[in-house]
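# Structural overview
Each chain, written out:
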Amino acid sequence: MTDEISLLEAARVSRGLTQAQLAEVSGVAQAVISKFEGGHLPLDDARVQVLARELKVPLALVDGSTATAPHTRQFHRKQASLPAKAANRLRADMVLAHVRVSRLLTSPFVADIPRLPLGSPLDQPADRARAVRKLWGLPPGPIDNIVALLEQHGVPCLSWDVSSARVDAIASWPDEAPPVVLLGSHAPGDRLRFTVAHELGHAVMHELPCADCEREADEFASEFLMPRAEIKDSLRAATLPKLAELKRVWGTSIAALARRAKDVGAITDSAYRALNIELSASGLRKNEPAPIPRERPTMIRQAIEKRIDAGHPLSEVADLALIETDELKTQYLEAA
């Protein structure tokens with residue numbers, strides 16, 4: 001299912017403004033803004049200029065154009081806790097990101113993401129994770145950089161502030177457009193890696209949100225990042241110091257490794273409970289040792305730099321992407 005949204009509405013919601021608030025700061029009546037966003041009324045040049053100035057976007061973004069909202073296969077972790085206002089703002093951010101990414105990329109591409117739905121109760125997320133690793137020709141052992149891996153397979157990633165939505169990342173996988181993953185700029189490296197693998201699991205297995213989707217995506221991520229056959233022996237008799245060492249190897253949190261140890265049968269349920277009690281009592285759950293560096297996306301930054309190297313000034317690239325030059329620099333170059 002898809003629906004249309006005006007780029008003016010996407011820009012307004014992305015800035016966190018209601019129609020009434022935009023009307024107040026711009027002097028354009030709310031009724032006029034509402035009709036324009038709904039495609040029922042054209043705007044004269046003077047009003048377009050005022051709205052563009054207040055929203056800090058190029059005039060071309062406030063011209064009545066529409067974009068298909070990336071409603072299809074849009075997932076994020078902790079979906080139940082996502083406030084409506086934050087969800088709407090993320091949706092608007094995602095619409096603008098899709099428009100800008102598609103305009104910035106210098107050549108068409110197709111994302112190489114296999115679709116392997118869970119067709120029966122016998123199908124397991126871990127099987128799908130192993131299948132993707134095989135299809136992508138990944139060697140045994142840890143995945144060095146999962147963000148680079150996704151971009152290598154045609155999935156643009158962007159560092160983004162999604163902290164207000166209480167999620168670490170959000171991904172959109174449209175059927176006929178480049179997918180986009182927004183990576184939480186607040187998330188630590190180990191948690192971000194797991195979240196990216198979790199979002200990949202959604203893309204591989206799920207068409208629409210479902211009751212078991214989050215659990216299934218977690219199981220996919222665990223097997224994709226920490227394959228049972230390769231990690232089980234090292235998790236036997238796990239202790240916190242041992243898990244801290246393994247964290248450096250596998251790039252996943254101590255908490256995720258402890259859970260993996262239980263799930264693969266390397267430790268008992270009681271030993272897992274004891275590890276969790278120790279994690280909480282020591283304060284390590286919120287501030288784990290051995291921090292994992294955040295993986296940085298490069299695909300869109302390189303696309304921008306390629307245009308600049310070809311002789312296009314940054315302001316021209318920004319116009320192409322329907323974004324102001326300063327925001328292009330901070331959001332798409334420096335944030336990467």
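In case you missed it, the structure is sitting above this.
Structure report, in brief. Residues take numbers from 1 onward in each chain, read along the sequence in its written order. pLDDT decides what is reported in this predicted model: residues at 70 or higher carry local features, side-chain atom pairs at 80 or more are listed and counted, and totals for whole chains, interfaces and linings draw on all residues regardless. With hydrogens and water excluded, all non-hydrogen atoms of the structure serve as input to the side-chain values.

## Topic: helix α2 (residues 19–26)
Residue burial is assigned from relative accessible area. The probe radius is 1.4 Å, only protein chains are included, and a residue is buried under 20% of its type maximum, exposed over 50%, and partly exposed in between. Helical segments are the DSSP runs of H or I of at least four residues, strand segments are the runs of E of at least two, and each set is numbered from the N terminus. Burial in α2 covers these residues: Q19, L22, A23 and S26. Each buried residue of α2 lies within a common arc of 100° when the element is viewed along its axis, so the set occupies one face. Here the buried face of α2 lies against α1 (7–14), α3 (30–37) and α4 (45–55). Read the arc as the range of directions from the helix axis to the C-beta atoms. Whether two residues touch is decided by their heavy atoms; if any such pair falls within 4.5 Å, the residues are in contact.

## Details of the packing of aromatic side chains
What counts as a ring pair is set by centres within 6.5 Å for rings of Phe, Tyr and Trp (its six-membered ring), and what kind of pair is set by the plane angle: stacked under 30 degrees, edge-to-face over 60, tilted for all other angles. Under the definition given, this model contains three aromatic pairs. Judged by centre distance (6.3 Å) and plane angle (85°), the ring pair of W136 and F224 falls under edge-to-face. Taken together, the residues span a long stretch of sequence, with W136 in the loop between α6 (125–135) and α7 (146–152) and F224 in helix α9 (residues 213–225) at a distance of 88 residues. There is no split in this pair, since W136 and F224 are both buried. Between F220 and F224, the ring centres sit 5.6 Å apart and the planes meet at 15°, which makes this aromatic pair stacked. Within this pair, F220 and its partner F224 are both found in helix α9, separated by four residues, close to a single helical turn. With respect to burial, F220 and F224 carry one shared label: buried. By the ring-pair criterion, three or more aromatic residues cluster together here, those being W136, F220 and F224. When the NZ atom of lysine or the CZ atom of arginine is within 6 Å of a ring's centre and also within 35 degrees of its normal, the charge is said to sit over that ring. For R133, the ring lying beneath its charged end belongs to F224, and the centroid distance is 6.0 Å.

## Here we look at the environment of E37
Examined against the element boundaries, E37 turns out to sit in helix α3. Overall, E37 belongs to the buried group, its relative accessible area being 9%. Residues E37 and D63 lie 26 residues apart in sequence; the distance between their C-alpha atoms is 10 Å. Excluding anything up to four places from it in sequence, E37 contacts S6, L8, E9, R12 and Q19. Counting of polar contacts relies on pairs of N or O atoms within 3.5 Å, with two restrictions inside protein: one atom must be capable of donating a hydrogen and the other of accepting it, and residues adjacent in sequence are counted only when both atoms are side-chain atoms. A polar side-chain atom of E37 sits 2.7 Å from a polar atom in the side chain of R12.

## Considering the nonpolar core
Only buried residues count toward a nonpolar core. Its members are Ala, Val, Leu, Ile, Met, Phe, Trp, Tyr and Cys residues joined through side-chain atoms within 4.5 Å. Ranked by size, the top nonpolar core spans 48 residues in total, and within it L150, F224, L235 and L243 carry the most contacts. Contributing elements (two or more residues each) for this core: α6, α7, β6 (180–184), α8 (189–205), α9, α11 (240–250), α12 (254–263) and α13 (269–282). Setting aside anything within four residues of it in sequence, one finds L243 in contact with L235, A238, I254, L257, A258 and L275.

## Topic: the side chain of R133
Here R133 lies in helix α6. In this count, Lys and Arg are taken as positive residues and Asp and Glu as negative ones, while His and the chain termini are left out. Only one rule defines a salt bridge in this text: a Lys or Arg side-chain nitrogen within 4 Å of an Asp or Glu carboxyl oxygen. Put simply, R133 is tucked away with no salt bridge, and the nearest opposite charge, on E230, sits 4.3 Å away. A polar contact is formed between the side chain of R133 and the backbone oxygen of G141, at a distance of 2.8 Å.

## Re the pairing of strand β5 (residues 169–172)
Alternating positions in β5 separate into two faces, A169 and A171 on one and I170 and S172 on the other, with burial throughout. A pair of strands is treated as paired once DSSP finds two or more bridges between them. Pairing geometry for β5 and β6, over four bridges, is antiparallel. In the strand pairing of β6, A171 is matched with V181.

## Looking at the packing of α11 against α12
Where α11 meets α12, the closest approach of the two axes is 9 Å, and the angle between their N-to-C directions is 110°. Comparing their axes, α12 and α11 come out roughly perpendicular. Taking contact as the criterion, the partners of L240, L243, A244, L246 and K247 in α11 are, on α12, I254, L257 and A258. Across the contact of α11 with α12, the residue classes break down as seven nonpolar, no polar and one charged. Axis lines are fitted to C-alpha atoms, over the contacting stretch for helices. Their N-to-C directions set the angle, which ranges from 0 to 180 degrees. Roughly parallel here means an angle under 35 degrees, roughly antiparallel means over 145, roughly perpendicular means 65 to 115, and every remaining angle is called oblique. Side-chain classes are defined by residue name, with Ala, Val, Leu, Ile, Met, Phe, Trp, Tyr, Cys and Pro counting as nonpolar, Asp, Glu, Lys and Arg as charged, and the others, Gly among them, as polar.

## Considering the environment of P179
Its location among the elements puts P179 in the loop between β5 and β6. With relative accessibility at 5%, the residue P179 sits in the buried group. Measuring from C-alpha to C-alpha, the distance between P179 and T268 comes to 40 Å, with 89 residues separating the pair along the chain. Residues in contact with P179, not counting those within four places in the same chain, are H98, A111, G154, V155, P156, S172, W173 and P174.

## Some thoughts on the pattern of salt bridges
Overall, the coordinates contain 19 salt bridges when judged by the stated rule. The shortest N-O distance in the salt bridge between R115 and E207 comes to 2.9 Å. Residue R115 is found in the loop between α5 (84–104) and α6, and its partner E207 is found in the loop between α8 and α9; the two are separated by 92 residues along the sequence. In this structure R115 comes out as partly exposed when scored by relative accessible area, which is 31%. Look at E207 and you get partly exposed, because its relative accessible area is 39%.

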